[in-house]
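Descriptive structure summary
Here is how the chains run, residue by residue.
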Amino acid sequence: MKKILNHLWRFWLLLLAFVFTILFGIPVYILSFNKKHYKYAYRFIRCWSYCIFYGMGLRYELTKLSSQKLDKNKQYVFISNHTSIMDIMLMCILCEDHPICFVGKKELVKIPIFGTIYKRICVMVDRGSARSRADVYRRCAEKMEEGNSIVIFPEGGVPDDTSVILDEFKDGAFTLSSKHNSPIVIFTFVGLKEIFPFESSEGHPGKAKVYFNGILNPSDSPKDLKLSSFETIKKTLLKHYN
């Protein structure tokens, strides 16, 4: 019975995604033709995120572990751990005052309807191409010059081994921060790994915990930024799982 309910729940996600991607995707696609209008397109993206996240019976609780505050007029590089497809919706919900663009894998372009919109509003990267990976910095810089912030999940994907609490970080987010003098905003997501696993038919409605770990100022050493971010998120996760 539980397996049947899980399959029905996943089917409900597909239905929600289909309906709301068409409903909100059309204005996003139209507005995306003018770079100046992305801030308006982003409102529809956030509506899409709300509808899918809450429509799946998910909730979140935000805990601030830092008193630092974001500047509405500044562009940031947002990062977090990555364990569920719902991380994407949750990040959009959290970033109300900062229109964000995701750095994501090129393969997602193949998804019907969604892929057409995705390639217009995100920075795509072909991880198998060194040229594509190198060009990400230029395209992200363009997005930030237009007034947008960037979201990168530094693990680069979700580890196949579900026992891994936090996978090794890639350099991209931290090199971008150093090159373009952009502060890094750190979030830690706890619970979505169990509530809505990335590649599984399991899962259930529930409440995730979100921790705002603070803001790291850009540094000349991407290595230091990476290590500090990794240790910050890992420490938060270990407190939860131990």
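As a starting point, this report considers the structure included with it. (Residues numbered from 1 in each chain as written. Predicted model: local features only at pLDDT ≥ 70, side-chain atom pairs only at ≥ 80, totals over all residues. Heavy atoms only, no water.)

So, about the packing of helix α5 (residues 130–145) against helix α6 (residues 172–180). Following both chains from N to C, one finds α5 and α6 inclined at 55 degrees, their axes separated by 10 Å at the closest point. The orientation of α5 relative to α6 falls into the category oblique. Judged by the twist between their axes, the crossing of α5 over α6 is right-handed. When α5 is examined against α6, the residues Tyr137, Cys140 and Ala141 are found in contact with a partner set consisting of Gly172, Thr175, Leu176, Lys179 and His180. Considered class by class, the residues forming the contact of α5 with α6 number four nonpolar, three polar and one charged. (Axes fitted to C-alpha atoms, helices over the stretch in contact; angles between N-to-C directions. Helix = DSSP H or I, 4+ residues; strand = E, 2+ residues; numbered from the N terminus. Parallel < 35°, antiparallel > 145°, perpendicular 65-115°, else oblique. Left-handed = near helix turned anticlockwise from the far one by under 90°. Contact = heavy atoms within 4.5 Å. Nonpolar A, V, L, I, M, F, W, Y, C, P; charged D, E, K, R; others polar.)

Further remarks concern the environment of Ile186. Summarising the element assignment, Ile186 is placed in strand β6 (residues 184–190). Residues Ile186 and Ile215, spaced 29 residues apart in sequence, show a C-alpha to C-alpha distance of 6.2 Å. Excluding anything up to four places from it in sequence, Ile186 contacts Ile79, Tyr211, Phe212, Asn213, Gly214, Leu216, Ser229, Thr232 and Ile233.

The next subject is the nonpolar core. Counting 70 residues, the largest nonpolar core has Phe78, Met86, Met91, Ile100 and Phe187 as the members making the most contacts within it. Excluding its chain neighbours within four sequence positions, the residues that come into contact with Met91 are Phe78, Ile79, Ser80, Ile100, Phe102, Val151, Phe153, Phe187 and Phe189. (Core = buried A, V, L, I, M, F, W, Y, C linked by side-chain atoms within 4.5 Å. Buried < 20%, exposed > 50% of the residue type's maximum accessible area, 1.4 Å probe, protein only.)

To continue, consider empty space enclosed by the protein. Within the structure shown, the criterion is met by one cavity of 30 Å³ or more. Of the voids in this model, the largest cavity is the one considered here, and its volume is about 40 Å³. In terms of lining residues, the largest cavity is bounded by Asn81, Thr83, Ile165, Phe189, Val190, Gly191, Leu192, Lys193, Leu237 and Tyr241. Those elements that place two or more of their residues in the lining of the largest cavity are β6, α7 (192–195) and α8 (222–241). Across the lining of the largest cavity, the residue classes break down as six nonpolar, three polar and one charged. (1 Å grid on protein atoms, 1.4 Å probe; cavity = no way out; pocket = protein on both sides within 12 Å on 5 of 7 lines; lining within 4 Å. Points joined across faces, edges and corners; volume = space filled by probe spheres on them.)

With that settled, the discussion passes to the packing of helix α1 (residues 2–31) against helix α2 (residues 38–55). Across the interface, α1 lies against α2 with an axial gap of 9 Å and an inter-helix angle of 175 degrees. Here α1 lies roughly antiparallel to α2, going by the angle between them. Side by side, α1 and α2 meet where Trp12, Leu13, Leu16, Ala17, Phe20, Thr21, Phe24, Pro27, Val28 and Leu31 of the first sit next to Tyr40, Ala41, Phe44, Ile45, Cys47, Trp48, Cys51, Ile52 and Gly55 of the second. When grouped by side-chain class, the residues that make up the contact of α1 with α2 number 17 nonpolar, two polar and no charged.

Our focus in this paragraph is α8. Under the 1.5 Å per step criterion, the end-to-end length of α8 is 28 Å for 20 residues, consistent within 8% with the ideal 28 Å. Listed as buried for α8 are Leu225, Ser229, Phe230, Ile233, Thr236 and Leu237. Angularly, the buried residues of α8 cover 135 degrees about the axis, an arc narrow enough to put them on a single face. Away from its buried face, by an angle of more than 90 degrees, α8 presents the exposed residues Lys223, Leu227, Lys235 and Lys239. Looking at the buried positions of α8, the neighbouring elements they touch are β2 (77–79), α6, β6 and β7 (206–216). (Expected span 1.5 Å × (residues − 1). Arc of directions from axis to C-beta.)

This part is about unusual backbone geometry. When glycine is set aside, most residues are seen to have a negative phi, and most peptide bonds are trans. A positive phi angle, near 65 degrees, is found at Ile113, a position not held by glycine. Among the secondary structure elements, Ile113 is positioned in the loop between β3 (100–105) and α4 (114–121). Positive phi is not limited to glycine here, since Asn181 has a value of about 55 degrees. Along the chain, the position of Asn181 falls in the loop between α6 and β6. Owing to a relative accessible area of 60%, Asn181 belongs among the exposed residues under this scheme.

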